[in-house]
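# Structure assessment
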Amino acid sequence: MTPHLFFWVAFTLMLIHEMDAIRCKEWELFIGLSSLPEKWGYIVFTLLHIPLYIVLFSALWYEDGTLNTNLIFWLNQFFILHAGLHAIFLKHPKNKFKDFTSWLIISGAAIFALLDLLNTGV
């Protein structure tokens with residue numbers, strides 16, 4: 001079995017969630033970004049994901065090619081916390097993550113992150 005298979009599923013779901021976040025205009029929920037005009041909110045929110053993805057993808061492996069299991073542990077924790085934050089903000093008037101697909105992605109990432117933590121003995 002692929003090491004941290006459940007993490008990779010959770011990570012993939014989070015990447016898909018970020019695509020969904022553009023559809024749902026998630027920048028409208030963030031202080032600072034919410035005050036920008038829609039076009040600029042979209043541009044800034046989208047472009048901020050470029051360095052974020054570069055850092056994440058490059059940090060997942062050490063130079064010797066081994067997985068950064070410490071980062072995986074903390075990302076799993078974040079994926080679970082992230083679902084909780086979405087639940088807390090469910091009633092926010094600008095929250096558009098209310099359909100089945102959005103929640104399948106968000107909760108799926110949290111569930112697979114939890115499975116990875118349980119599978120790795122954490």
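The structure we're discussing is the one just above.
Notes on the structure in this doc start here. (Residues numbered from 1 in each chain as written. Predicted model: local features only at pLDDT ≥ 70, side-chain atom pairs only at ≥ 80, totals over all residues. Heavy atoms only, no water.)

## Focus on the nonpolar core
F7, F11, L60, I72, L75 and F79 are the most contacted members of the largest nonpolar core, which has 15 residues in total. Listed by contribution, the elements that provide at least two residues to this core are α1 (5–23), α3 (69–88) and α4 (100–119). It is α1 that provides the largest number of residues to this core, a total of five residues. The contacts of L75, once residues within four sequence positions are left out, are F7, L56 and L60. Core analysis: the second largest hydrophobic core is formed by 10 residues, L29, F45, I106 and A110 among them. (Core = buried A, V, L, I, M, F, W, Y, C linked by side-chain atoms within 4.5 Å. Buried < 20%, exposed > 50% of the residue type's maximum accessible area, 1.4 Å probe, protein only. Helix = DSSP H or I, 4+ residues; strand = E, 2+ residues; numbered from the N terminus. Contact = heavy atoms within 4.5 Å.)

## A closer look at the packing of aromatic side chains
Counted under the stated rule, the structure contains 13 aromatic pairs. On the basis of an interplanar angle of 10° and a centroid distance of 6.1 Å, the ring pair of F7 and F79 is categorised as stacked. Highlighted residues: F7 in helix α1 and F79 in helix α3, separated in sequence by 72 residues. With respect to class, F7 is no different from F79; both count as buried. Ring geometry for F11 and F57: centres 5.5 Å apart, planes at 90°, overall edge-to-face. Here F11, found in helix α1, pairs with F57, found in helix α2 (residues 38–59); they are 46 residues apart in sequence, far enough to count as distant. Look at F57 and you get partly exposed, because its relative accessible area is 36%. (Phe/Tyr/Trp six-rings, centres within 6.5 Å; stacked < 30°, edge-to-face > 60°.)

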